[in-house]
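The chain contents come next:
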Amino acid sequence: MSKSAQDLYDEGNGMVAIGDLNSAAEKYKESIEVDPEFFDGWHALGMALMKSGNLKEAIGAALMATDLRPNDQLAWTSLSQIYMKNGQIKEAEAAKSNATILGIGGKLK
């Protein structure tokens, strides 16, 4: 029996809990292969990749999360953090502005 995106995501979270970010990222990648529109998988993948230093791939995953849920404040905050860590200050500020708009009750799309 094949695993669901949620099952793979949960396994990835278990890997994060024991500090194995590379294995976590692999589980998150598997989760989005099962369901390419699985927001939680994309978001977690972005964060795991950021924490393991794979910033370009992390940005791609975080952008997918914001595409899937353009009005998710956490997705924009995470994208801002990744951009900042990658030295992309202008992009980080734009993502932070989107998070702020959502934080005060606004909508982006």
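Residues numbered from 1 in each chain as written. Predicted model: local features only at pLDDT ≥ 70, side-chain atom pairs only at ≥ 80, totals over all residues. Heavy atoms only, no water.

Draft legend 1. Representation of the packing of aromatic side chains. Counting across every chain of the model gives two aromatic pairs. Here the aromatic rings of Tyr9 and Tyr28 are separated by 5.8 Å at their centres, their planes lie at 40°, and the arrangement is tilted. With Tyr9 in helix α1 (residues 5-17) and Tyr28 in helix α2 (residues 21-34), this residue pair connects regions lying 19 residues apart in the sequence. Each of the two residues, Tyr9 as well as Tyr28, counts as buried. Geometrically, the ring pair formed by Tyr9 and Phe38 is edge-to-face, given 5.6 Å between the ring centres and 90° between the ring planes. Of this pair, Tyr9 sits in helix α1 while Phe38 sits in the loop between α2 and α3 (39-51), and the two are 29 residues apart along the sequence. Both residues of the pair, Tyr9 and Phe38, belong to the buried class. The structure contains a cluster of three or more aromatic residues connected by ring pairs, namely Tyr9, Tyr28 and Phe38. (Phe/Tyr/Trp six-rings, centres within 6.5 Å; stacked < 30°, edge-to-face > 60°. Helix = DSSP H or I, 4+ residues; strand = E, 2+ residues; numbered from the N terminus. Buried < 20%, exposed > 50% of the residue type's maximum accessible area, 1.4 Å probe, protein only.)

Draft legend 2. Spotlight on α2. End to end, α2 covers 20 Å across 14 residues, agreeing with the expected 20 Å (1.5 Å per residue, within 8%). Listing the buried residues of α2 in full gives Ala24, Ala25, Lys27, Tyr28, Ser31 and Ile32. The arc that holds the buried residues of α2, viewed along the axis, is 160°, so those residues lie on one side. Within α2, the exposed residues directed more than 90 degrees away from the buried face are Asn22 and Glu33. Buried residues in α2 make contact with α1 and α3. (Expected span 1.5 Å × (residues − 1). Arc of directions from axis to C-beta. Contact = heavy atoms within 4.5 Å.)

Draft legend 3. Here's a closer look at the packing of α2 against α3. Across the interface, α2 lies against α3 with an axial gap of 9 Å and an inter-helix angle of 155°. The angle between the axes of α2 and α3 places the two elements in the roughly antiparallel class. The handedness of the crossing between α2 and α3 comes out as left-handed. Contacts between α2 and α3 involve Leu21, Ala25, Tyr28, Lys29, Ser31 and Ile32 on the former and, on the latter, Gly41, Trp42, Ala44, Leu45, Ala48, Leu49 and Lys51. Taken together, the residues of the contact of α2 with α3 sort by class into nine nonpolar, two polar and two charged. (Axes fitted to C-alpha atoms, helices over the stretch in contact; angles between N-to-C directions. Parallel < 35°, antiparallel > 145°, perpendicular 65-115°, else oblique. Left-handed = near helix turned anticlockwise from the far one by under 90°. Nonpolar A, V, L, I, M, F, W, Y, C, P; charged D, E, K, R; others polar.)

Draft legend 4. Seen up close, the environment of Thr77. In this fold, Thr77 is placed in helix α5 (residues 73-85). With 15 residues separating them in the primary sequence, Thr77 and Ala62 have C-alpha atoms 9.7 Å apart.

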